[in-house]
Amino acid sequence: MLVAATLAAAATLVLAPATAEAATITVQAEAYAAQSGVQLEATADTGGGQNAAYLANGDWLRYDGVDLGAAGTLTIGARVASATGTGSIELRTGSNTGPVLATLAVPNTGGWQAWTTATATAATHPTGAQTVFALLKNTTGGDFVNINWFSFGDGTTTDGPGWIPINQAAWNAQLAEFNALTPRAVPAGTVRVSEFNASCTYSHSRPDDPIIFPGMPGASHMHTFLGNDKTDANTTTQTLLANAGTSCKPAPDLSAYWIPTLYNGDQAIEPKDVVVYYGSRITDPSVTKPFPQGFRMIAGDAKLQTPTPDGSVNAFYCAGPGGQIGRSADGNWPICASTAVLMFHLVFQDCWDGKHLDSPTHKAHVSYSYTGACTGDYPIAIPNLSFLISYPTQGSANGLRLASGMASSMHGDAFFAWDNLAQSQRVKNCLVQKAKCNTEGNF
């Protein structure tokens, strides 16, 4: 066992904010101020840095100046790996015999570099900068855990209303699972296009919008909902994940998708089908990351009320034999041949700020990859979501209308609630490898 050691000033604790706004910090395990029984080694995964290695019962690490934030529930995470047994990490404040902040259970992950994130919460805790000790507890003897980092967050944000910071510990765990996946071999003859999809049908209609008007039933214009069949004004990430009913395939996609209802006069025209594509428009799709759990965003503008004459971009069109045979009297809607159907292709943003699940405009946390890459304030490439919507109508000489108004007001909302592993496998196999996959995620 190594003796306790105090690091030189050049190697003191490094507190890296997990986001610029969210009150969450990540403490690298090797940035201790003192320790007993610790060895350091490089992690096997790219970007993992070093980890505190081969820790046994009674070993400890001390971290000075850990900002535990303001009063309120504190969420704590630790990225751990264990090849030989189980145990716990007991976090104490002030001294190694001080009050217990939280206890993180360490599972047997199956290898010294097979990482998972252990989490715990502290309902009450000291506030501000604190000295935190990590004590290793194990009853089976011998080395039992490696630690890559700790995270401490109170979930608050200085952005103001409408900004929803990511839960850094949960995102770190999701990302670690994604990074650890080995992609499947792409069979010969596979179309080399980054793509997988969810195949959806109409679910239900409500004048609700859980992104723009959360908790306010009836506050919105009428929406056509796809996917999770319990979506309403009170929908949250937790309610989506708790309900297995969905009008989309595959079953692991419990997300909610919605668009304004289309009308011919006063008669609603619900989609025949909607294919929700997950793809990539960037030059290097290998950097794409999955959507964080609970992520949400909007494409289009419900307030845009401008004419859409023939040839307009982002407009309704006719698909199928015969195509478009005319325009409505106001010129804003196509009239399709009897052998064709009305369509709309709605494309979402594909670059993310890496900090927020949502923003006040529901667009400020995302951007389009105008240059073929995600850079600057939006450095994280996420799947390029798009809705390909097919309506069982040829249109009308009198024109159609959306619940939000003119054809130009077409828009869509997405509230993601995938099984993490199922989404990660599809992103890794299909998008990262630039391979076309079907609804079940197969080549």
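What counts, and where the lines are drawn
- Residues numbered from 1 in each chain as written.
- Predicted model: local features only at pLDDT ≥ 70, side-chain atom pairs only at ≥ 80, totals over all residues.
- Heavy atoms only, no water.
- Salt bridge = Lys/Arg side-chain N within 4 Å of Asp/Glu carboxyl O.
- Buried < 20%, exposed > 50% of the residue type's maximum accessible area, 1.4 Å probe, protein only.
- Helix = DSSP H or I, 4+ residues; strand = E, 2+ residues; numbered from the N terminus.
- 1 Å grid on protein atoms, 1.4 Å probe; cavity = no way out; pocket = protein on both sides within 12 Å on 5 of 7 lines; lining within 4 Å.
- Points joined across faces, edges and corners; volume = space filled by probe spheres on them.
- Nonpolar A, V, L, I, M, F, W, Y, C, P; charged D, E, K, R; others polar.
- Pairing = 2+ DSSP bridges.

A. Region of the structure containing the pattern of salt bridges. For the coordinates displayed, the defined rule picks out 5 salt bridges. Salt-bridge contacts for aspartate 64 lead to arginine 62; the nearest nitrogen and oxygen are separated by 2.8 Å. For aspartate 64, a relative accessible area of 29% puts it in the partly exposed group. Look at arginine 62 and you get partly exposed, because its relative accessible area is 23%. Of the charged contacts in the structure, one is a salt bridge between arginine 401 and aspartate 266, with a shortest N-O distance of 3.5 Å. With arginine 401 in strand S33 (residues 401–402) and aspartate 266 in the loop between strand S20 (262–264) and strand S21 (267–269), the pair connects residues that are 135 residues apart, well separated along the chain. Arginine 401 sits in the partly exposed class, given a relative accessible area of 34%.

B. Expanded view of the layout of surface pockets. Put simply, the second largest pocket is a space of about 310 Å³. Taken together, 16 residues form the lining of the second largest pocket, with Gly300, Val313, Asn314, Ser408 and Met410 sitting closest to its centre. Within the residue set of the lining of the second largest pocket, elements represented by two or more residues are strand S23 (296–300) and strand S27 (341–347). The greatest single-element share of the lining of the second largest pocket, amounting to 4 residues, is contributed by S27. Looking at the lining of the second largest pocket residue by residue, the class counts come to 9 nonpolar, 6 polar and 1 charged.

C. Layout of the sheet that holds S27. Spatially, S18-S15-S22-S32-S27-S24 is the arrangement adopted by the 6 strands of the open sheet, whose pairing is antiparallel. Of all strands in the sheet, those bounded by a partner on one side alone are strand S18 (248–249) and strand S24 (317–319). Here 6 bridges tie S27 to strand S32 (residues 384–391), and the two strands are oriented antiparallel to one another. Within S32, the residue paired with phenylalanine 344 across the bridge is isoleucine 389.

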